[in-house]
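Single-letter residue listing:
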Amino acid sequence: MLDTQVIIAGGGIGGLSLALTLNQIGVPCQVLEAAPEMRPLGVGINLQPNAVRELFELGIDATLLDRVGVAAKEWALVGLNGKEIYAEPRGLNAGYRWPQYAAHRGDFHMLLYREAIAQLGESAVTLGARVSAYREIENGVAARVSHSDGSSTELTGSLLIGADGIHSAVRAQMHPDQPPIHWGGKLMWRGTTRAKPIRTSSSFIGLGTHQQRMVIYPISATDDNGTALINWIAEVTMDNSHGWQEDGWFREVPIDSFIHHFEDFRYDWLDVPTLVSGADCAYQNPMIDRDPIHSWTNGRVALMGDAAHAMYPTGSNGASQAIVDARVIGAKMIQHGVSAKALAAYDEQLCEPVSQVVLRNRGDGPFGLLTLVNERCGGEFDQIDAVISQDERDEFMARYKQAAGFAMETLNSAAATISPDTRITQV
Ligand SMILES: Cc1cc2nc3c(=O)[nH]c(=O)nc-3n(C[C@H](O)[C@H](O)[C@H](O)COP(=O)(O)OP(=O)(O)OC[C@H]3O[C@@H](n4cnc5c(N)ncnc54)[C@H](O)[C@@H]3O)c2cc1C
């Protein structure tokens, strides 16, 4: 007798989306989360319309999402000279049937956690439980679990899903020869400041060059004073020949330690040093990912989310893809039962195309337009049309959205990943 049907290692955005999906289709599961308590960690995150569609299907609608973020209206790239390179409407404004959200990662994560507890019950998520290894057993898989009180246990299930993030223990066992984490030399500092939104009340702005840029977007609605919580990411490219030398991957640092890189980012519509200095704190982390792997599954074990495809945040689609992974796993279980076959079908559908997105984001994703502008004119231009035509810019962006799974026409006309009210028959 197995302890549960599906063991989910990791209660992040991916793992909790999977738990909610499995509950919706009638598959029992148990989430094992290493953190001893759930806390609202992180800053800004984007939920693309393809992921918001799946959240809506889970009952996480605009009323709930409005509490943790704001519907995005625009995506824009601006050169170091302060002049616009590209702008397009986003979400409902662009004609999608579902909005795009810019959200607080921690608040959104807590929303998923509360929903999971409300729908599956408190015991469905075990905190302080780190999956350290797994082994095959008859008709299932056993996960070794180290608990925060020092004890260790084994949990058995039909399937194990590694949703345990970029440092995934499940992936390390599945692919023992994988290369170490890849760092291409970009360093990021992230934070939030209460300030007036720029352009529309909800614009995503990439500003600067491919080597040195700011990303700025609000993650809350504008309040009565006209201010919103503005998420900013300051990025510079450094020499990475010695690899990542500092301790820690996400640590608090003084704003003085990096603001000098952005002293010249002052315009009549934005003063970057003032914006950044208004934050309570800043977090430094290198922009990292992992080399794609040829398969995310091994029999009854599969990877999802960052464990499968950690990617640079240049395309703003890491969290969105984790949500989509969860829904595709659910859809394949409806087709093939709670089985290795379902995992193989999930792998077949997503591993190759999403691995391509990982590499595309490593090549700067949609910010690749800044690289093109830099190559053609060193970032100096009066009229952007003289450097790169509107058609070429539009095509560049359209290719990215198609590859990342949120091309508007394709998404708007696609059937639901999981038809409403479908419950699994072959558990
Ligand atoms: C603390 C934190 C802050 C973040 N902040 C941002 C941000 O500000 N902006 C942004 O764009 N992205 C951020 N991210 C990344 C973003 O959340 C992910 O890229 C995306 O949501 C995919 O989610 P995931 O569930 O696959 O992975 P993750 O979000 O990394 O979640 C993995 C979960 O698994 C748990 N875990 C790890 N190892 C084990 C194990 N062996 N056994 C059991 N549990 C385990 C972790 O504690 C974590 O809760 C953050 C991630 C984390 C963990």
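Look above for the structure.
Residues numbered from 1 in each chain as written. Predicted model: local features only at pLDDT ≥ 70, side-chain atom pairs only at ≥ 80, totals over all residues.

**Comments concerning the sheet that holds strand β7 (residues 101-104)**
- Strand order in the open sheet formed by 3 strands is β3-β7-β4, with antiparallel pairing between adjacent strands. In the strand order of this sheet, the two ends are held by β3 (44-47) and β4 (69-71), each with one partner. Neighbouring strand axes in the sheet, compared pairwise and without regard to direction, differ in orientation by 20° on average.
- Bridge count for β4 against β7 is 3 bridges, and the pairing is antiparallel. The residue bridging Gly69 from the neighbouring strand is Ala103, located in β7.
- Its contacts with the sheet place helix α4 (residues 105-120) against β3, β4 and β7, and it is angled at close to 90° to β7. (Pairing = 2+ DSSP bridges. Helix = DSSP H or I, 4+ residues; strand = E, 2+ residues; numbered from the N terminus. Axes fitted to C-alpha atoms, helices over the stretch in contact; angles between N-to-C directions. Contact = placed C-beta atoms within 7 Å.)

**Considering the sheet that holds strand β14 (residues 212-218)**
- The strand order across the open sheet built from 8 strands is β6-β5-β13-β14-β15-β12-β17-β16, with neighbouring strands paired in mixed fashion. Each edge of the sheet is formed by a strand with only one pairing partner; in this case those strands are β6 (84-89) and β16 (251-253). For this sheet, the mean angle separating the axes of adjacent strands, direction not counted, is 20°.
- Note that strand β13 (residues 203-208) and β14 share 4 bridges and pair antiparallel. Looking at the pairing, Gly206 lines up with Val215 of β14.

**A look at the site of the ligand**
- Around the ligand, the surrounding shell holds 30 residues, and the nearest of these are Gly10, Gly12, Gly42, Gly165 and Gly305.
- Elements with a minimum of two residues in the shell around the ligand: α1 (13-25), β3, β9 (129-137) and α8 (318-336).
- Broken down by class, the residue content of the shell around the ligand amounts to 14 nonpolar, 10 polar and 6 charged. (Near = placed C-beta within 6 Å. Nonpolar A, V, L, I, M, F, W, Y, C, P; charged D, E, K, R; others polar.)

**A short note on the nonpolar core**
- Counting 121 residues, the largest nonpolar core has Ile8, Ile161 and Met304 as its most contacted members.
- A total of 9 residues in this core trace back to one element, the largest contributor, which is α8.
- Setting aside residues no more than four positions away along its own chain, Met304 makes contact with Gly14, Leu18, Ile161, Ala163, Ala322, Asp325, Ala326 and Ile329. (Core = buried A, V, L, I, M, F, W, Y, C linked by C-beta atoms within 7 Å. Buried ≥ 20, exposed ≤ 12 C-beta atoms within 10 Å, placed from the backbone.)

**Looking at the packing of α1 against α4**
- At a minimum axis distance of 10 Å, the contact between α1 and α4 shows a crossing angle of 30°. Classified by the angle between their axes, α1 and α4 sit roughly parallel to one another. Handedness of the crossing formed by α1 with α4: left-handed. The residues of α4 that touch α1, namely those facing Ile13, Leu16, Ser17, Ala19, Leu20 and Asn23, are His109, Leu112, Tyr113, Glu115, Ala116, Gln119 and Leu120. (Parallel < 35°, antiparallel > 145°, perpendicular 65-115°, else oblique. Left-handed = near helix turned anticlockwise from the far one by under 90°.)

**A look at the pairing of strand β5 (residues 74-79)**
- The element β5 is largely enclosed, with a buried count of 6 among its 6 residues.
- Alignment of β5 against β6, held across 5 bridges, turns out to be antiparallel. The partner of Trp75 across the bridge, within β6, is Glu88.
- Linkage of β5 to β6, two consecutive antiparallel strands, is achieved through a turn of 4 residues, within which Gly82 is found at a positive phi near 85°.
- Inspection of the sheet shows β5 paired to β13 by 6 bridges, in the parallel sense.

**Considering the packing of α1 against α8**
- Running from amino to carboxyl end, α1 crosses α8 at an angle of 30°, the nearest separation of the two axes being 8 Å. Compared by their axis directions, α1 and α8 come out roughly parallel. Handedness of the α1/α8 crossing: right-handed. For the pair α1 and α8, contact is made by Ile13, Gly14, Ser17, Leu18, Thr21, Leu22 and Ile25 and by Ala319, Ala322, Ile323, Asp325, Ala326, Arg327, Ile329, Gly330, Met333 and Ile334, respectively.
- For the contact of α1 with α8, the per-class residue count stands at 11 nonpolar, 4 polar and 2 charged.

**Description of α8**
- In this model, α8 (19 residues) spans 27 Å end to end at C-alpha, consistent with the 27 Å of a helix rising 1.5 Å per residue.
- Where burial is concerned, most of α8 is hidden: 16 out of the 19 residues are buried.
- Phi turns positive one or two residues past the end of α8, at Gly337, with a value near 80°. (Expected span 1.5 Å × (residues − 1).)

**Focus: helix α11 (residues 390-403)**
- With 14 residues, α11 should reach 20 Å at 1.5 Å per residue; the first-to-last C-alpha distance of 20 Å fits that figure.
- For α11, the complete set of buried residues consists of Arg393, Tyr400 and Lys401. Projected onto a plane normal to the axis of α11, the buried residues spread over an arc of 95° and lie on a single side. The outward face of α11, more than 90 degrees from its buried face, is lined by the exposed residues Asp391 and Glu395.
- Packed against the buried residues of α11 are β6 and α10 (368-377).
- At the C-terminal side of α11, Gly405 shows a positive phi close to 85°. (Arc of directions from axis to C-beta.)

**Regarding the environment of Val68**
- As for its placement among the helices and strands, Val68 is situated in the loop between α3 (62-65) and β4.
- Taking the number of C-beta atoms within 10 Å as the measure of exposure, Val68 has 23 and is therefore buried.
- Sequence separation of Val68 and Asp391 is 323 residues, and the distance between their C-alpha atoms is 36 Å.
- Sequence-distant contacts of Val68, that is, excluding residues within four places in its chain, are made with Ala103, His104, Asp107, Phe108 and Leu111.

**Some details on the environment of Phe108**
- Mapped onto the elements, Phe108 comes out in helix α4.
- Once the C-alpha coordinates of Phe108 and Ile13 are considered, the two residues, 95 residues apart in sequence, prove to be 8.2 Å apart.
- Ignoring anything within four residues of it in the chain, the contact list for Phe108 reads Ile45, Val68, Gly69 and Ala103.

Geometric values such as these leave the question of function open.
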